[in-house]
Amino acid sequence: MRKAAGVLLIISSLFNMFASLGLLMGGSMIGGMFAVVEHLPASGNQNEAALEEMAMTSGGLVLLGVVFLISVGIQIAGAVYLFKAKNTPFIYATAALTLLLVLGAVVWTKSFGVYGIVGLAAALLAFFGKRQLTV
């Protein structure tokens, strides 16, 4: 069970890596468009509220991308600890983080796809696979 949880954590971390790269790229592109639109003549800046919302959206996407990127390292470290059968509190923290990320992604996207299934299975197996470890 520990090895299955470790493999699923690594697969989940790969999903998180691709999600983080997409979020970072999308946020950077929106921020770049905001910078271009901001420098247009005054007649082109008729919708200031939309521009401000676009700037806030780009920052939020980049921040979410960084959170997902940090989670990649934590999940891989958690998988290594599962394989080695050591450091039980870190495994709990990794499983909780994975569960939070999956639930957050499901709520945000309003869909429960392959990412949700793999992440949820990884988190639950990590929680229950910890029982095989001795403290």
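Note that the structure is predicted; figures quoted are calculated from it, not measured. (Residues numbered from 1 in each chain as written. Predicted model: local features only at pLDDT ≥ 70, side-chain atom pairs only at ≥ 80, totals over all residues. Heavy atoms only, no water.)

A. Spotlight on the overall build of the chain. In terms of regular secondary structure, the chain is built from 4 helices and 0 strands. Reading the chain from its N end, one meets helices and strands in the order α-α-α-α. Within the chain, buried positions represent 32% of all 135 residues. Only carbon and sulfur atoms are counted for the fraction: they give 75% of the accessible area of the chain, which is about 7800 Å². (Helix = DSSP H or I, 4+ residues; strand = E, 2+ residues; numbered from the N terminus. Buried < 20%, exposed > 50% of the residue type's maximum accessible area, 1.4 Å probe, protein only. Areas by Shrake-Rupley, 256 points an atom, 1.4 Å probe, with all protein chains shown as cover.)

B. Structural context of the environment of Met 25. One can find Met 25 in helix α1 (residues 2-38). Expressed as a C-alpha distance, the spacing of Met 25 and Leu 61, which sit 36 residues apart in the sequence, is 8.8 Å.

C. Region of the structure containing the nonpolar core. Core analysis: the largest hydrophobic core is formed by 10 residues, namely Ala 5, Leu 8, Leu 9, Ala 79, Leu 82, Ile 91, Ala 95, Val 118, Ala 122 and Ala 126. Secondary-structure elements contributing two or more residues to this core are α1, α2 (48-84), α3 (88-109) and α4 (114-129). Among residues more than four places away in sequence, those in contact with Val 118 are Leu 8, Ile 11, Ser 12 and Phe 15. Membership of the second largest hydrophobic core comes to 8 residues, among which are Ile 30, Phe 68, Val 102 and Ala 105. (Core = buried A, V, L, I, M, F, W, Y, C linked by side-chain atoms within 4.5 Å. Contact = heavy atoms within 4.5 Å.)

D. Representation of a nonpolar patch on the surface. Together, Val 7, Ile 10, Ile 11, Leu 14, Phe 18, Leu 21, Ile 76, Val 80 and Phe 83 make up a nonpolar patch on the protein surface, roughly 730 Å² of accessible area in all. Elements supplying a minimum of two residues to the nonpolar patch: α1 and α2. Considering every element that reaches the nonpolar patch, the biggest residue donor is α1, with 6 residues. Secondary-structure assignment places Val 7 in helix α1. Here Val 7 falls in the partly exposed class, since its relative accessible area comes to 43%. (Patch = residues over 30% accessible without salt bridge, like charges linked within 9 Å, V, L, I, M, F, W, Y side chains within 5 Å. Salt bridge = Lys/Arg side-chain N within 4 Å of Asp/Glu carboxyl O.)

E. Molecular detail of α4. In a regular helix each residue adds 1.5 Å, so 16 residues correspond to 22 Å; α4 covers 21 Å between its end C-alpha atoms and thus fits that length. Listed as buried for α4 are Tyr 115, Gly 116, Val 118, Gly 119, Ala 122, Ala 123, Ala 126 and Gly 129. (Expected span 1.5 Å × (residues − 1).)

F. Quick look at the environment of Gly 27. Tracing the chain through its elements places Gly 27 in helix α1. For Gly 27, a relative accessible area of 2% gives the class buried. In this structure Gly 27 touches Ser 58, Leu 61 and Val 62, once residues within four positions along its chain are discounted.

G. View of the packing of aromatic side chains. This structure, assessed with the given rule, holds 3 aromatic pairs. Consider the rings of Phe 15 and Tyr 115, whose centres lie 6.2 Å apart with planes at 70°: the pair is edge-to-face. With Phe 15 in helix α1 and Tyr 115 in helix α4, this residue pair connects regions lying 100 residues apart in the sequence. You can call Phe 15 partly exposed: its relative accessible area is 30%. Here the aromatic rings of Tyr 81 and Phe 90 are separated by 5.3 Å at their centres, their planes lie at 75°, and the arrangement is edge-to-face. Exposure remark for Tyr 81: the relative accessible area of 28% places this residue in the partly exposed category. (Phe/Tyr/Trp six-rings, centres within 6.5 Å; stacked < 30°, edge-to-face > 60°.)

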